[in-house]
Amino acid sequence: MVMGTAERREAPEDGGAAGATARSVREAPDRGIPAAGPDGQDGPGRERRIRADGHGEPEERSAYRPLWTEEPARRRRLPDPVRTAAVRAVLVVAVTLIMAMVAFLCTLAGSWLAFPMVLGSVAGTVVATWGVLDVWVTRQVWNQRHGVVSVPSSTARAMRRERRRARRQARSAERAQERIRRRGGAGQLSHP
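Residues numbered from 1 in each chain as written. Predicted model: local features only at pLDDT ≥ 70, side-chain atom pairs only at ≥ 80, totals over all residues. Heavy atoms only, no water.

Enquirer: Tell me about helix H4 (residues 156-182), residues and numbers included.
Expert: Residues that lie three or four places apart on an α-helix share one face, since the helix turns once every 3.6 residues. In this model H4 runs 39 Å from its N-terminal to its C-terminal C-alpha over 27 residues, within 8% of the 39 Å that 1.5 Å per residue would give. Trailing H4 by a residue or two, Gly-184 shows a phi angle of about 80°, which is positive. (Helix = DSSP H or I, 4+ residues; strand = E, 2+ residues; numbered from the N terminus. Expected span 1.5 Å × (residues − 1).)

If you want it as structure tokens, here you go:
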């Protein structure tokens, strides 16, 4: 008789009854409902381990497992304008493909709807091409304005410089206000 790993693990070594095998008994049917009250017995997220032979004190261990584990994103989220253009392009391409399929089926069936659907599919192909190009252009423009500093013609460098200057001015104004507060308001008028 061939035994798998699970059977070998649970099978007794000497051929007798399994004495030391532990099994888990869940006290609470639901994760959020405590099995017993505040008198020190089992609570939510606790599990009782009872020896299989029924002898000995039951031992307790924490059985809390989160419902999900957060993983870091592989890629950063697309900028809002680029994502909007991408969603628009996907919708236009999907509608165009549906129209082309309906035009093909209407042609096979010999329906009068075939010709208008073919015209719609041609127009949809033009619009879908524009939508895909719009995604590419929007992405390039966003990178040019906000991200790519290594290109000499990039406007991102000037924008970052302006932001840095504004942050510096805000910090110096904050420090000046802090100095005035520390001096106890000396030299400050009673009303602003």
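Enquirer: Would you mind going over the layout of surface pockets in detail, with residue names and values included?
Expert: Approximately 310 Å³ is the volume found for the largest pocket. Across the lining of the largest pocket, the residue classes break down as four nonpolar, two polar and four charged. (1 Å grid on protein atoms, 1.4 Å probe; cavity = no way out; pocket = protein on both sides within 12 Å on 5 of 7 lines; lining within 4 Å. Points joined across faces, edges and corners; volume = space filled by probe spheres on them. Nonpolar A, V, L, I, M, F, W, Y, C, P; charged D, E, K, R; others polar.)

Enquirer: Account for the packing of helix H2 (residues 80-109) against helix H3 (residues 114-147), naming residues and giving values.
Expert: Closest axis-to-axis distance for the H2/H3 pair is 8 Å, and the angle between their directions is 160°. Here H2 lies roughly antiparallel to H3, going by the angle between them. In the crossing of H2 with H3, the sense of the turn from one axis to the other is left-handed. In terms of residue class, the contact of H2 with H3 is made up of 21 nonpolar, eight polar and three charged. (Axes fitted to C-alpha atoms, helices over the stretch in contact; angles between N-to-C directions. Parallel < 35°, antiparallel > 145°, perpendicular 65-115°, else oblique. Left-handed = near helix turned anticlockwise from the far one by under 90°.)

Enquirer: Residue-level account of the confidence of the model for the protein chain, with values.
Expert: Here the protein chain averages 75 in pLDDT, while 60% of its residues score no lower than 70. In the model of the protein chain, strand E1 (residues 22-25) stands out as the element of lowest mean pLDDT, 46, in contrast to H2, which has the highest, 95. Scored below 50 in pLDDT, residues 15-28 makes 30 contacts in the model with residues more than four places away or belonging to other chains. (pLDDT = per-residue confidence, 0-100. Contact = heavy atoms within 4.5 Å.)

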